[in-house]
Amino acid sequence: MFGYEFMKEAFIASTFIAITAGLVGVFVVSRNMSFLSHTLSEIGFAGAAFGILVGISPLAGMILFTLVSSIAVGSLSTESSRREASISAISSLFIGLGILFLSLSSESSSYATNILFGSIVGISSKEVNQLMILALFVIFVFIIFYKPLSFDSFDHIGARAAGLPTRLLSIAFLVTLALSVSIGAQIVGSLLVFVLLTLPGATAKYVVHTVPKLIMVSVGLSLAGVWLGLYLAFVTNWPVTFFISAFEVIAYFLGLSYKNWKLNH
Amino acid sequence: MDGRQYYTDRKDSEEIAVIEAKDLTKRFGKQLVFENLNFKIPDGEFISLIGPNGSGKTTLVKIMMGLEKKTSGELKIDKSQTIGYVPQFRNIDLDYPLDIEQFVRLNLKFTISPTKRRENNELIKTILAKTKLTELKDRPLGLASGGEKQKAYLAQSLLNDPKILILDESTASLDVEVKMQLMDLVKELNEKYNLTVIFITHDYELTKKYTSRALFFKGKTLEEVKVSDVSEDMFEMGS
């Protein structure tokens, strides 16, 4: 299958997507932001549609929208119930906007399908390079902030008590989350990018108990999902997103069963 | 310069105050939380901070930790004193993934130096032993009992080698027996390492048994009360 140039590109892109999503996902889960990452995907969709409409690239539009909104969320009330409500209000607005932008632009509807549902074809080598740079940036930020971000994500109250700059950490994290959503959506689609951003991290939580191991398992599951998905999509011509989400969901329930089994033994 | 000043201060005073408040006042906007608090906490004391809910105990502690600003007055904290704080609430649910040792380690500083790493490992070992968690270190914190969790919180806050430890209602949700165990442990740290302990509590029995004095929020002010004068009605909620 690597005889095809587009498969090679898709493979490289997915590998970087999986590593970033798996890494960021551990912190999405520990910071209870699964819901937010879902919303950011929808905002990303609107951003991509906006990008098409005004003639910048969909990726640039996505980054623009997700960055602005994630920073807005960061400065919103920290009270989680209010945050949930405002997030769902914002997300409905953005899906509507996305649909509006698409209908205003002259692009064909297959383009819209690609943004929403993802696609393994149509990633150019230039785009792959952009993805790689963004992914490396996200990984770099995580290396820099690893210790304090872990403290804040796994024990927010303790981190505050210890005098960590939790506000700054939260914004740094939201920025990387926004970028990860934008990167991931290129292959998995904006509708399901949160699958990669939440499920591997959530599954890891059931099987291992240290931060480095959580990251390893999450990245591993995420890589396994996209590689297997790409292969099966290539062979069957079914959508890659279906295979990835099926794999991650199965892994999640296996993880959950493992935890329950261990509790009773 | 500052250091020398502080040295002579120490020599002159008979009782070394690690925390001293003079006319300390706090308002949130127009609302007065407390005014003109005056108290001294000497080095190594085990003191309780009592008063009804909403009387300003946590706000006072936040000012001590620099998480909140005072409105006026003075709060002097000896510069050599690091503060460890064990907050009242933590978001630890059943699915919480980290084990006890990993949870404690969250408070370690990042390092790549192998020597520092070894030191850190030693430090963790010592702290786990001090807090009697060595045998429980691999248990996921989400599955630990209330008392074990409190010990883990305590252990984590001890990592920075604090000279002052603030316990914010750490015993509130525990069984009597577990409460006593935790307090015995804190008492032991207080005596062995001369740790100053500020214990925020609603528990009359524990105040009587473990602390030497109480700071009692009465209305908008604070009274220093001898432990023998502490009475049960001081703990009545919302009075």
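Residues numbered from 1 in each chain as written. Chains lettered and ligands numbered in written order. Predicted model: local features only at pLDDT ≥ 70, side-chain atom pairs only at ≥ 80, totals over all residues. Heavy atoms only, no water.

What follows deals with the overall build of chain B. Broken down by element type, chain B carries 7 helices and 9 strands. For chain B, the C-alpha radius of gyration of 19 Å lies close to 18 Å, the compact-globule estimate for 239 residues. Along the three orthogonal principal directions, the C-alpha set of chain B runs to about 50 × 45 × 35 Å. The buried share of chain B, reckoned over its 239 residues, is 49%. Of the contacts formed within chain B by residues at least 6 apart in sequence, a portion of 71% connects residues at least 24 apart. Element-wise, carbon and sulfur atoms account for 49% of the exposed surface of chain B, whose accessible area totals about 12,300 Å². If the 37 positive side-chain charges of chain B are averaged to one point and the 38 negative ones to another, these points end up 6 Å apart. (Helix = DSSP H or I, 4+ residues; strand = E, 2+ residues; numbered from the N terminus. Rg over C-alpha atoms; globule rule 2.2 N^0.38 Å. Buried < 20%, exposed > 50% of the residue type's maximum accessible area, 1.4 Å probe, protein only. Contact = heavy atoms within 4.5 Å. Areas by Shrake-Rupley, 256 points an atom, 1.4 Å probe, with all protein chains shown as cover. Lys, Arg positive; Asp, Glu negative; His and termini not counted. Charge placed at Lys NZ, Arg CZ, Asp CG, Glu CD.)

Hydrogen bonding along the main chain pairs the strands of a sheet, whether they run parallel or antiparallel. Residues and elements named next belong to chain B. If you trace the 6 strands from one edge of the open sheet to the other, you get 5-6-7-3-8-9, paired in mixed fashion. The open sheet has two edge strands, strand 5 (83-86) and strand 9 (221-226), and neither has a second partner. Taken pair by pair, the neighbouring strands of this sheet meet at an average axis angle of 20°, ignoring direction. Direction of pairing for strand 6 (residues 164-168) relative to strand 7 (residues 196-200): parallel, over a ladder of 5 bridges. Its bridge partner being in strand 7, Asp-168 is matched across the sheet by Ile-200. Set on the sheet, helix 2 (residues 57-65) makes contact with strand 3 (46-50), strand 5, strand 6, strand 7, strand 8 (213-218) and strand 9; between it and strand 5 the angle comes to about 145°. (Pairing = 2+ DSSP bridges. Axes fitted to C-alpha atoms, helices over the stretch in contact; angles between N-to-C directions.)

Next up on the list: a negative patch on the surface. Residues Glu205(B), Glu232(B), Asp233(B) and Glu236(B) make up a contiguous surface patch of negative charge. Looking at the element boundaries, Asp233(B) is found in the segment after strand 9. (Patch = residues over 30% accessible without salt bridge, like charges linked within 9 Å, V, L, I, M, F, W, Y side chains within 5 Å. Salt bridge = Lys/Arg side-chain N within 4 Å of Asp/Glu carboxyl O.)

With that out of the way, let us pick up the interface of chain A and chain B. By a frequent convention, interface size equals the accessible area lost on bringing the separate parts together. Across the boundary between the two partners, chain A contributes 19 residues, which contact 24 residues of chain B. Together, the buried faces of chain A and chain B total about 1,900 Å²; carbon and sulfur atoms form 62% of this surface. Our enumeration of links across chain A and chain B arrives at 2 salt bridges. Here Lys259(A) makes a salt bridge to Asp95(B), at a shortest N to O gap of 3.3 Å. Counting across the chain A and chain B interface gives 8 residue pairs in polar contact (both at pLDDT 80 or more). Only helix 6 (125-154), helix 7 (156-161), helix 9 (193-207), helix 10 (211-236) and helix 11 (240-263) of chain A provide two or more residues apiece to the side of chain A that touches chain B. Residues belonging to the side of chain A that touches chain B are distributed by class as follows: 10 nonpolar, 4 polar and 5 charged. (Buried area = accessible area lost by both parts, 1.4 Å probe. Polar contact = N/O pair within 3.5 Å; in protein donor to acceptor, adjacent residues only side chain to side chain. Nonpolar A, V, L, I, M, F, W, Y, C, P; charged D, E, K, R; others polar.)

Turning to a nonpolar patch on the surface, a few remarks are in order. Residue and element names in this part refer to chain A. Side chains of Leu-53, Val-54, Ile-56, Leu-100 and Leu-104 sit close together on the surface and give an oily, nonpolar patch of about 410 Å² of accessible area. Mapped by element, the contributors of at least two residues to the nonpolar patch are helix 2 (34-54) and helix 4 (80-104). With respect to the helices and strands, the residue Leu-104 is situated in helix 4. According to the relative accessible area criterion, Leu-104 is exposed, its value standing at 56%.

A few words now on the nonpolar core. Of all hydrophobic cores here, the largest spans 103 residues; its most connected members are Phe27(A), Phe154(A), Phe173(A), Leu177(A), Leu141(B) and Leu154(B). With 12 residues, helix 1 (residues 5-30) of chain A is the single largest residue contributor to this core. Dropping the residues within four chain positions of it, Leu141(B) is found in contact with Ile92(B), Tyr96(B), Leu98(B), Asp99(B), Ile100(B), Phe103(B), Lys149(B), Ala152(B) and Tyr153(B). One finds Val33(B), Met65(B), Ile166(B) and Leu222(B) within the second-largest nonpolar core, a separate group that totals 26 residues. (Core = buried A, V, L, I, M, F, W, Y, C linked by side-chain atoms within 4.5 Å.)

Residues and elements named next belong to chain B. Counting buried positions along strand 7 yields 5 of 5 residues, so the element is predominantly enclosed. Covered by surrounding structure in strand 7 are Thr-196, Ile-198 and Ile-200 together with Val-197 and Phe-199, the residues of both alternating faces. Bridge count between strand 3 and strand 7: 4 bridges; the pairing is parallel. Note on strand 7: the bridge partner recorded for Ile-47 is Ile-198. Read as a crossover between parallel neighbours, the route from strand 6 over helix 6 (residues 176-192) to strand 7 is right-handed. (Right-handed = clockwise from strand over helix to strand, strands pointing away.)

Turning to unusual backbone geometry, a few remarks are in order. A positive phi angle is found at Asn237(A), which is not glycine, with a value near 70°. Take Asn237(A): it is sitting in the loop between helix 10 and helix 11. Positive phi outside glycine occurs at Asn36(B), with the angle close to 50°.

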